[in-house]
Amino acid sequence: MKTKLKLFAKARDLVGAAELELDLPESATVAELRTALGEHSPALQPLLASLLVAVGTDYASPTTRIGGRTDLAVFPPVSGG
Amino acid sequence: MKTKLKLFAKARDLVGAAELELDLPESATVAELRTALGEHSPALQPLLASLLVAVGTDYASPTTRIGGRTDLAVFPPVSGG
Amino acid sequence: MIQLTHNPIDFTLLTESVRSNQAGAVVLFLGTVREMTEGRQTVALDYDGFPEMAEAKLRELEAEARSRWPVIEAGIVHRLGHLELGDISVAVAVSCPHRHQAFDAGRYLIDRLKEVVPIWKKENWSDGSTEWVHPGAEPVKSQI
Amino acid sequence: MIQLTHNPIDFTLLTESVRSNQAGAVVLFLGTVREMTEGRQTVALDYDGFPEMAEAKLRELEAEARSRWPVIEAGIVHRLGHLELGDISVAVAVSCPHRHQAFDAGRYLIDRLKEVVPIWKKENWSDGSTEWVHPGAEPVKSQI
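These numbers come from a predicted model, not from an experiment. (Residues numbered from 1 in each chain as written. Chains lettered and ligands numbered in written order. Predicted model: local features only at pLDDT ≥ 70, side-chain atom pairs only at ≥ 80, totals over all residues. Heavy atoms only, no water.)

1. Focus: the sheet that holds strand E1 (residues 2–5) of chain C
In step 1: Strand order across the open sheet formed by eight strands is E1(C)-E5(C)-E7(C)-E2(C)-E2(D)-E7(D)-E5(D)-E1(D), with mixed pairing between neighbours. One side of each edge strand has no neighbouring strand; the edge strands of this open sheet are E1 of chain C together with strand E1 (2–5) of chain D. The sheet shows a mean angle of 10° between the axes of neighbouring strands, direction not considered.
In step 2: Lying on the sheet, helix H3 (residues 99–116) of chain C is in contact with strand E2 (25–32), strand E5 (73–79) and strand E7 (88–96) of chain C together with strand E2 (25–32) of chain D; it crosses E7 of chain C at an angle near 145°. (Pairing = 2+ DSSP bridges. Helix = DSSP H or I, 4+ residues; strand = E, 2+ residues; numbered from the N terminus. Axes fitted to C-alpha atoms, helices over the stretch in contact; angles between N-to-C directions. Contact = heavy atoms within 4.5 Å.)

Next up, the structure:
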């Protein structure tokens, strides 16, 4: 299913885009999103394990189903303040 | 010896004066000042045990000799802030 | 007041917004752009953020603080964009009846902000290089 | 900036005075006149002080804080005289490289101020009575 996500900070820079569309099964979780992201953008590999995933304005849990969603965001550890 | 002291807050109100002169031996310490103050101003009795004594801008220790000094201050526990 | 802004932070306004006759204590925290970090010299910082989620998380943090301390008023403003040395990147203000509550709540808010609010800073080092700060992620210097 | 004043405290000026490119964190504490204390209603406070000693003690406290934390700048202003509800009685500002240092130093300064600086407040209760606040001393209500 078409799955849309926003990218931020170094993840956006490494991918070279602020938004991305991936094809994922509806049952896909964060782990599968990570794998798909690494295949789509090999430059993300060093960051992959630390990437965080949000659904809407909440952090996704490991079991959150994210396939087909269009309100995802993917970003590295935060450093505000 | 003539010993001069300033009074603050409730100590000043109870004595009814902002400054006081007592006659104390040169060897007098805080304990003797307390006694002399209580004799001079019986209204101070309830506050006597908690009164603090300063010499110049420092708190006096129990052994500080204060007889004859003119830079003493006597006041109850502080409550600034 | 929960706000993300590209403009300089008015900490006076934020502080005034949390003052109250019910509060005996106000604590204001300002994060400012420091020149030296572990021996390296910063010339500027760029802050990126995910505004919708960042604002939602800031509201959650305020609610968390209110559930733990008797907070009268609280406000958090975070700046985004390009900041020079000494500029204020974040301001947290909180008022409580007593001072230790206000200190604890203020510290909690800035500590949690740094853990969960989706905002990122990019160092502009004095050697001309830039580097996203992503705590715990493998360091990969980027030259942008 | 160490100061006793009978005028309203300008916390913006105090905060600006401690900002520095060497600091990543500024903590400002404001003590404000709270209406309710243990169920009793305050209408105003009067602060008395022994100015020479108070200023000397505030300078000592700043030196103590500097010996314990990497304080960049610090400032303390205490107001004296008649204060209405919500007025600022004391402001403490401190800047440090990192935030926990600034929180710890700020809290230390106000905690110690309340222990050793010769300033006293008199409550003006809503029932018309007044009462000096002398922690640990036997309570004797005075009608002045």
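2. Digging into the packing of aromatic side chains
In step 1: All chains considered together, the criterion is met by 14 aromatic pairs over all chains.
In step 2: Members of the aromatic cluster, each reached through a chain of ring pairs, are Phe8, Tyr59 and Phe75 of chain A together with Phe50 and Trp120 of chain C.
In step 3: Between the NZ or CZ atom of Arg40 of chain D and the centre of the ring of Trp125 of chain D, over which it lies, the distance is 4.1 Å. (Phe/Tyr/Trp six-rings, centres within 6.5 Å; stacked < 30°, edge-to-face > 60°. Lys NZ or Arg CZ within 6 Å of the ring centre and 35° of its normal.)

3. Side note on the relation of the copies chain D and chain C
In step 1: Rotating chain D by 180° about the axis while translating it 0.0 Å along that axis superimposes it on chain C, leaving an RMSD of 0.0 Å. In short, the pair behaves as if placed about a two-fold rotation axis. Of the C-alpha atoms belonging to chain D, the one lying closest to the rotation axis is found on Leu28 of chain D, 2.5 Å away.
In step 2: When the interface residues of chain D are mapped onto chain C, 100% of them are again interface residues, pointing to one common binding face. (Least-squares fit on C-alpha atoms with pLDDT ≥ 70 in both.)

4. With respect to the pairing of strand E5 (residues 72–75) of chain B
Residue and element names in this part refer to chain B.
In step 1: In E5, alternate side chains face the same way, and those of Leu72 and Val74 on one face and Ala73 and Phe75 on the other are all buried.
In step 2: Pairing geometry for strand E1 (residues 2–7) and E5, over three bridges, is parallel. What sits directly across from Lys6, in E5, is Ala73. (Buried < 20%, exposed > 50% of the residue type's maximum accessible area, 1.4 Å probe, protein only.)

5. Section: the interface of chain D and chain C
In step 1: If you look at the interface, chain D gives 37 residues, while chain C gives 37 residues.
In step 2: One can count four salt bridges joining chain D with chain C.
In step 3: In this structure, Arg99 of chain C engages Asp111 of chain D in a salt bridge whose closest nitrogen and oxygen atoms are separated by 2.8 Å.
In step 4: A total of nine residues in the side of chain D that touches chain C trace back to one element, the largest contributor, which is helix H3 (residues 99–116) of chain D.
In step 5: Where E2 of chain C lies against E2 of chain D, seven bridges are found, and the strand directions are antiparallel. Bridged to Val26 of chain C within E2 of chain D is Leu30 of chain D. (Salt bridge = Lys/Arg side-chain N within 4 Å of Asp/Glu carboxyl O.)

6. What about the arrangement of the chains?
In step 1: Highest in contacts among the three pairs of chains that touch are chains C and D.
In step 2: Nowhere do chain A and chain B come into contact; their C-alpha atoms are at least 29 Å apart.
In step 3: For the non-touching pair chain A and chain D, the nearest C-alpha separation works out to 10 Å.

7. Some details on the pairing of strand E2 (residues 19–23) of chain A
On a regular strand, one side chain projects to one face of the sheet and the next to the other, so that they alternate.
Residues and elements named next belong to chain A.
In step 1: Where burial is concerned, the two faces of E2 differ: the one with Leu20 and Leu22 is buried and the one with Glu19, Glu21 and Asp23 is not.
In step 2: Where strand E1 (residues 2–7) and E2 come together, five bridges link them in antiparallel fashion. Paired with Lys4 across the strands is Glu21, a residue of E2.

8. Some remarks on the sheet that holds strand E4 (residues 58–59) of chain A
All names here are of chain A.
In step 1: Pairing is mixed across the open sheet formed by five strands, whose spatial order is E2-E1-E5-E3-E4. Looking at the sheet topology across the chains shown, the edges are occupied by E2 and E4.
In step 2: Along the sheet, helix H2 (residues 30–40) makes contact with E1, E2, strand E3 (52–55) and strand E5 (72–75), crossing E2 at roughly 110°.

9. Some remarks on unusual backbone geometry
In step 1: With a phi angle near 55°, Ala9 of chain B is a residue other than glycine that sits in the positive phi range.
In step 2: When you line up the elements, Ala9 of chain B lands in helix H1 (residues 9–15).
In step 3: Note on Ala9 of chain B: relative accessible area 0%, which makes it buried.
In step 4: You will see that Glu38 of chain C, though not glycine, has its phi angle at about 45°, which is positive.
In step 5: Relative to the elements of secondary structure, Glu38 of chain C occurs in the loop between strand E3 (36–37) and strand E4 (40–49).
In step 6: Of the residues examined, Glu38 of chain C reaches a relative accessible area of 81% and is grouped as exposed.

Read these as spatial facts, not as claims about activity.
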